[in-house]
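The residues making up each chain are set out below.
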Amino acid sequence: MLTLGSLFDGIGVFPLAAQKNGITPLWASEISASGISITKRHFPQMHHLGDITALHGGTVPPVDIITFGSPCQDLSLSGNRAGLAGRKSNLFFEAIRIIEEMREATDGIYPTFAVWENVVGALSSNDRMDFNAVLSAFTDTQIPMPDSGRWAGAGMVRGHCPDIAWRVLDSRYFGVAQKRRRIFLVADYRGQRAGKVLFEPESQHQILPVGTAGRISAAPGTGKSPTAAGWTPCEIHALQNRKLRGAAISKDRSQFYGGFGYPNDALPTLLTGDSQVIFLHYPDNPEKDHVRFLTPTEYERLMGLPEGWTELGHDDKLISDTARYFGLGNSIVVPCAELIMQGIRNILEETI
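Keep in mind it's a predicted model, so treat the numbers as computed, not measured.

**Student:** Give me the sheet that holds strand β4 (residues 65-68): which residues, what numbers.
**Tutor:** Strand-to-strand pairing in sheets goes through backbone hydrogen bonds, with the strands running parallel or antiparallel. Pairing is mixed in the open sheet, where eight strands are placed in the order β3-β2-β1-β4-β5-β8-β7-β6. A single partner strand is all that each edge strand has here, and the edge strands are β3 (47-48) and β6 (154-157). For strand β1 (residues 3-7) and strand β2 (residues 24-29), the ladder comprises five bridges, and the chain directions are parallel. Residue pairing in the sheet places Thr3 in a bridge with Thr24 of β2. The sheet strands contacting helix α4 (residues 129-139) are β4, β5 (113-119), β6, β7 (163-170) and β8 (181-188), and the helix crosses β8 at an angle near 20 degrees. Strand contacts of helix α10 (residues 334-351): β1, β4, β5, β7 and β8, with the helix running at about 165 degrees to β5, the strand carrying the most contacts.

**Student:** So, the packing of aromatic side chains: which residues are in play, and what are the values?
**Tutor:** Summed over the entire model, instances satisfying the criterion amount to twelve aromatic pairs. Between the aromatic rings of Phe131 and Trp151, the centroid separation amounts to 5.3 Å while the plane-to-plane angle is 75 degrees, which identifies the pairing as edge-to-face. Remark: Trp151 occurs in the loop between α4 and β6 and Phe131 occurs in helix α4; sequence separation between them is 20 residues. The buried category is assigned to Phe131, whose relative accessible area is 0%. The structure contains a cluster of three or more aromatic residues connected by ring pairs, namely Phe68, Phe92, Phe93, Trp116, Phe131, Phe138, Trp151 and Trp166. Seen from the ring of Tyr282, Lys288 lies directly overhead, with NZ or CZ sitting 4.6 Å from the centre.

**Student:** Which residues make up the confidence of the model for the protein chain, and what are the values?
**Tutor:** Model confidence for the protein chain is summarised by a mean pLDDT of 86, while 85% of its residues fall at 70 or above. When the criterion is pLDDT under 50, residues 203-215 qualifies, and its contacts beyond four places in sequence or with other chains add up to 20 contacts. This stretch, residues 217-229, has a pLDDT under 50; its non-local contacts, to residues over four places away or in other chains, come to 18 contacts.

**Student:** Can you explain the sheet that holds strand β11 (residues 290-293)? Please cite residues and give values.
**Tutor:** With antiparallel pairing, three strands are arranged side by side in an open sheet as β9-β10-β11. Looking along the sheet, the strands with just one partner apiece sit at the ends: β9 (235-238) and β11. Put simply, the sheet's adjacent strands are angled 30 degrees from each other on average, direction ignored. As paired elements, β9 and strand β10 (residues 277-281) share four bridges and run antiparallel to each other.

**Student:** How would you sum up the side chain of Ser29? Please name residues and give values.
**Tutor:** You can see Ser29 is positioned in strand β2. For Ser29, a relative accessible area of 2% gives the class buried. Of note is the side chain of Ser29, whose polar atom sits 2.6 Å from the backbone oxygen of Gly50. Side-chain polar atoms of Ser29 contact the backbone nitrogen of Ile52, separated by 3.4 Å. The residues contacting Ser29, other than those within four sequence positions of it, are Ser6, Leu7, Phe8, Asp9, Gly50, Asp51, Ile52 and Leu55.

**Student:** Before we move on, could you go through the environment of Lys20 and cite the residues and values that matter?
**Tutor:** As for its position among the elements, Lys20 is in helix α1 (residues 13-20). In this structure the C-alpha to C-alpha distance between Lys20 and Met341, which are 321 residues apart in sequence, comes to 8.7 Å. Ignoring anything within four residues of it in the chain, the contact list for Lys20 reads Val334 and Glu338.

**Student:** Quick rundown of α1? Include the residues and the values.
**Tutor:** When you tally the buried positions in α1, you get six out of eight residues, the bulk of the element. What α1 keeps buried is the set Val13, Phe14, Pro15, Leu16, Ala17 and Ala18. Looking at the buried positions of α1, the neighbouring elements they touch are β1, β2, β4, β5, β8 and α10. The first or second residue beyond α1 is Gly22, which carries a positive phi of 75 degrees.

**Student:** Outline unusual backbone geometry, listing residues and values.
**Tutor:** Here Tyr110 and Pro111 are connected by a cis peptide whose omega angle stands at -10 degrees. Along the chain, Pro111 turns up in the loop between α3 (92-105) and β5. Between Cys161 and Pro162 the backbone carries a cis peptide bond, its omega angle lying at 5 degrees. Mapping Pro162 onto the fold places it in the loop between β6 and β7. Despite not being glycine, Phe8 shows a phi value in the positive range, around 50 degrees. Assignment of secondary structure puts Phe8 in the loop between β1 and α1.

Each value, and the rule that gives it
Chains are numbered independently. Their residues run from 1 in the order of the written sequence. Totals for whole chains, interfaces and linings use all residues, but because this is a predicted model, local features are given only for residues with pLDDT of at least 70 and pairs of side-chain atoms are given and counted only at 80 or more. Values shown for side chains rest on all heavy atoms present in the structure; no hydrogens or waters enter the calculation. If DSSP finds at least two bridges between two strands, the strands pair. Strands are runs of DSSP state E lasting at least two residues, helices are runs of H or I lasting at least four, and both sets are numbered from the N terminus onward. We call two residues contacting when some pair of their heavy atoms lies within 4.5 Å. Each axis is a line fitted through C-alpha atoms, taken for helices only over the stretch in contact, and angles between the N-to-C directions span 0 to 180 degrees. Stacked, edge-to-face and tilted are the three classes for Phe, Tyr and Trp ring pairs, Trp counted by its six-membered ring, which pair at centre distances within 6.5 Å; planes under 30 degrees apart are stacked, over 60 edge-to-face, the rest tilted. Any residue under 20% of the maximum accessible area for its type is buried, any over 50% is exposed, and the rest in between are partly exposed; the area is computed with a 1.4 Å probe on protein chains only. In our convention, an over-ring charge means Lys NZ or Arg CZ found within 6 Å of a ring centre and within 35 degrees of that ring's normal. Residue-level confidence of the predictor is what pLDDT reports, using numbers from 0 through 100. N or O atoms closer than or at 3.5 Å make up a polar contact, with two conditions inside protein: a donor-capable atom paired with an acceptor-capable one, and, for residues adjacent in sequence, both atoms drawn from side chains.

Below is the structure:
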């Protein structure tokens, strides 16, 4: 039985991706009450260990895979850019500590793989030294900067333990109508297989086109396109909130119109504190044109989650929309996580 432990678990996306690939999620660490309640509902057998700073890797059940999307607020291009020295993003090192403690307690047997996910701003924050610190923390070795002085969107560190590969994945190429670019780093502690997880051809994966059933343009619960479901055809424009605000302040008319986005294009990255607004234009009936916020259910679709994933907690009580938006905007797109879990599962099954 292949097992997984999820640090900074959020709403349970890595456990979901693992379970869909035959990997058993054993435990999770999370401090958000709503996030814990949501994952308890979907994974009743998974143990919740609480605050990561209070855990010791040598005393938690050892697992084959440890996943963690450590806090990104200090690394994000839209954040304060304090980097890994920031109070929240600095928690990355707690995850590294737990991995090292588990390996020491199990004589280097567990974990076999670790997976880190974060914003692309981590490649450039702190004059690009933060990502250097990430690689050095995993390998316990000083990793030299590239000759270019910049970190590429994909790369490897070989000849160290663990073997490391990273790659920026954009969710819009994995079947969801959202532009969400995130770094996924895979660390292999027992070989040189990290690149095989991230760089193998993806022809075996079902990559769905944007706007298919289950996405924002589908009629709820029908699995049909809006037209087939009897809806009036419309164009969906994702409003670029910040661009619109800036254009309004500067009174730049052309920039303001540009903030309405292209019709039926993938939506911008969903955020936690700024709900996405869309403009629906009906070419055959413009009187129906209107602007509205995306619903939590539409957020779920755009994250590749089953509809209703965040609606109820383990006690059958409704999760507030505010908590749902926050958890979803902070989360990981399921198909991207599945790509990683599928690759690791294939490798580990070969060695069993």
